[in-house]
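Observations on the model geometry
So you can see what is in the structure, the chains are spelled out below.
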Amino acid sequence: MKVLKFGGTSVGSIEGIRNVKSISCSGTGKKLLVLSAMSGVTNELVRITELIAADDETSIDMILGLLEIKHFQVIEELIENKLLRYETKNEISAILSELKKTTKREYSEVIYSLVVTAGERMLTRIFSAYLEDCGVANHLLDARDFMQVNNLENPDTTLVGHKFKETVSSLTETDIYITQGFVRIDENNRVNTLKRGGSDYTATILGAALDAQEVQIWTDIDGFHNNDPRYVEHTHPIAELSFEEAAELAYFGAKILHPQTVSPVIHKNIPVYLKNTFTPFLPGTKISAEATGKGLKAISAKDGITAIKIKSNRMLMAHGFLRKIFEVFDRHQTAIDMITTSEIAISLTIDDNRNLVKIIEEIDDYGEITVEKNHSIICLVGESVIKDKKASSIFELLHDTSIRMISYGGSNNNISLLVDTSNKISVLQKLHQKVFEAKPVEEFV
Ligand code: ADP
Ligand code: ASP
Ligand code: MG
């Protein structure tokens, strides 16, 4: 079995969907296709959840109407058989009227999840009918029957595997299965999500659950680039990344992968290929245990970071002090990303402010607290990057850029800088120029 995930950008246009079909139908063997919603649709559905809170039924109806038009147009273009076209339109209308009913129920996390995952339900329904119209046998599976993910950080892939096999056991044999990305069932058996961009994670959870030969993630770019192409010119795709390198880059903001994508497949050693749906002949990126090459490979940036400084000339170096501070963050289930210490102060960063007020209240007794929001962590990643002389040019940036924190040597594979988000783009660009575009002056040691 291979798992192929197609993102919103791949299924966002007629041309894209046709390409998805030809990629899915090429080669032999069983395939599980994980599809996202058409690009832009999940954003509209999130908008609906905001309108539920604002009790704005008129705007909700308008969006539902536009979503129907959008999906009907795709059906018109792709499905030739009149009866199938009619039936598929009816199914989309049924999903949308169910959605309308959902918006009238009392708002809760489940309502949010039911609404925002409807894009995947619509698109998979259309794609399955499109394949059928082209004479390609397939089974459309409801991911809510098997994507039981109770712990977002540590999914039980064995459980998902059992549930998947149970789901397909009653079906006739086929080579192509289709399911929705993004959605999951939580510990209370309620519908929930894998967070925005979560279809990548669906694909690797299923890859591990089914002991897949490989996972392919198809998107609108030819692989993992060495810097964020939205902000930096002349980036290029990286042929190979190790699981650890890709995990660091995804965790530290590379939008091409959901932050947790890599973790389920690492211990099963299942390779992940990143490919472009619009240029499938290009090699893309292979993420595996066998990746070669040392030194700096890529730079990424993660926004929404808050820096917290605790200044205390009395207690910092007293033993047990750091433990007490960390325990506060632990109690509030808030992960710490970066840490630096000096004789009298400790600075650390978090990316989740939900419990910030409570945390500050509790650490207030330990010293003078300063909180700075709206920061970004810029991450330089590659095996043994700290020994790469190119990477040391980051220190040349220091004279004209305000860098709030540096983490160097915590791991051999990662150097992190904390900057104000307003400086992020210029730092990414300057770094790119210095480390990837400047003529090599010194060799990697
Ligand atoms: P999909 O809809 O297929 O999930 P996404 O928009 O989530 O696609 O991810 C692909 C986008 O990620 C690219 O179009 C690109 O703009 C952005 N991106 C950010 N950082 C990188 C990177 N390092 N390499 C490749 N793409 C990146
Ligand atoms: N459609 C969902 C989103 O936009 C999931 C995904 O695309 O991966 O977040
Ligand atoms: Mg994505």
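Residues numbered from 1 in each chain as written. Chains lettered and ligands numbered in written order. Predicted model: local features only at pLDDT ≥ 70, side-chain atom pairs only at ≥ 80, totals over all residues. Heavy atoms only, no water.

Glancing now at the site of ligand 1. Residues in contact with ligand 1 amount to 17 residues; listed here are only the nearest, Thr9, Thr219, Asp220, His225 and Lys255. One of the backbone nitrogen or oxygen atoms of glycine 8 is found 3.1 Å away from an oxygen atom of ligand 1. Residue aspartate 220 places a side-chain N or O atom 2.8 Å away from an oxygen atom belonging to ligand 1. When ligand 1 sits alone it has 570 Å² of accessible area, and the protein chains cover 87% of it. In the shell around ligand 1, the residues fall into 5 nonpolar, 7 polar and 5 charged. (Near = heavy atom within 4 Å. Polar contact = N/O pair within 3.5 Å; in protein donor to acceptor, adjacent residues only side chain to side chain. Areas by Shrake-Rupley, 256 points an atom, 1.4 Å probe, with all protein chains shown as cover. Nonpolar A, V, L, I, M, F, W, Y, C, P; charged D, E, K, R; others polar.)

Side chains carrying opposite charge are able to pair once their charged atoms draw close together. Enumeration according to the criterion identifies 21 salt bridges in this entry. Between aspartate 337 and lysine 302 there is a salt bridge, with its nearest N and O atoms 3.3 Å apart. Here the residue aspartate 337 occupies a position in strand 12 (residues 336–341), and lysine 302 occupies one in strand 11 (residues 298–311), the gap between them amounting to 35 residues. Residue aspartate 337 is classed as buried on the basis of its relative accessible area, which comes to 19%. According to the relative accessible area criterion, lysine 302 is buried, its value standing at 9%. Close ionic contact of arginine 404 with glutamate 372 constitutes a salt bridge, the shortest N to O distance being 2.8 Å. Residue arginine 404 is found in strand 15 (residues 403–411), and its partner glutamate 372 is found in strand 14 (residues 368–381); the two are separated by 32 residues along the sequence. The partly exposed category is assigned to arginine 404, whose relative accessible area is 22%. Members of the salt-bridge network, linked through shared partners, are Glu57, Asp61, Lys100 and Lys104. (Salt bridge = Lys/Arg side-chain N within 4 Å of Asp/Glu carboxyl O. Helix = DSSP H or I, 4+ residues; strand = E, 2+ residues; numbered from the N terminus. Buried < 20%, exposed > 50% of the residue type's maximum accessible area, 1.4 Å probe, protein only.)

We now examine the sheet that holds strand 12. With respect to topology, 6 strands assemble into an open sheet ordered 12-13-11-14-16-15, the strand pairing being antiparallel. Bordering the open sheet on either side are strand 12 and strand 15, each of which pairs with just one other strand. Put simply, the sheet's adjacent strands are angled 30° from each other on average, direction ignored. Bridge analysis of strand 12 against strand 13 (residues 345–350) gives 4 bridges, and the strand direction is antiparallel. (Pairing = 2+ DSSP bridges. Axes fitted to C-alpha atoms, helices over the stretch in contact; angles between N-to-C directions.)

With that out of the way, let us pick up the site of ligand 2. Close to ligand 2 lie Ser36, Thr42, Glu120, Phe182, Arg196, Gly197, Gly198 and Ser199. Between ligand 2 and the protein, one listed contact pairs an oxygen atom with a side-chain N or O atom of serine 36 at 3.4 Å. In isolation ligand 2 offers 260 Å² of accessible surface; the protein chains occlude 87% of this area. Looking at side-chain class alone, the shell around ligand 2 contains 1 nonpolar, 5 polar and 2 charged residues.

Let us look at the packing of aromatic side chains. The final tally for this structure, using the stated rule, is 6 aromatic pairs. Pairing phenylalanine 6 with tryptophan 218 gives two aromatic rings, centres 6.0 Å apart and planes at 20°, and the pair type is stacked. Remark: tryptophan 218 occurs in strand 7 (residues 214–219) and phenylalanine 6 occurs in strand 1 (residues 2–6); sequence separation between them is 212 residues. The exposure class assigned to phenylalanine 6 is buried, which follows from its relative accessible area of 0%. On the basis of relative accessible area, tryptophan 218 is assigned to the buried category, the value being 5%. With centroids separated by 5.8 Å and ring planes inclined at 85°, the aromatic side chains of phenylalanine 321 and tyrosine 366 adopt a geometry described as edge-to-face. Remark: tyrosine 366 occurs in the loop between helix 12 (356–363) and strand 14 and phenylalanine 321 occurs in helix 11 (residues 321–331); sequence separation between them is 45 residues. Phenylalanine 321 gets classed as buried once you look at its relative accessible area, which sits at 3%. Taken together through their ring pairs, the aromatic side chains of Phe146, Phe164 and Tyr177 make up a single cluster. A cation over a ring is seen here: lysine 302 above tyrosine 251, with NZ or CZ 3.7 Å from the ring centre. (Phe/Tyr/Trp six-rings, centres within 6.5 Å; stacked < 30°, edge-to-face > 60°. Lys NZ or Arg CZ within 6 Å of the ring centre and 35° of its normal.)

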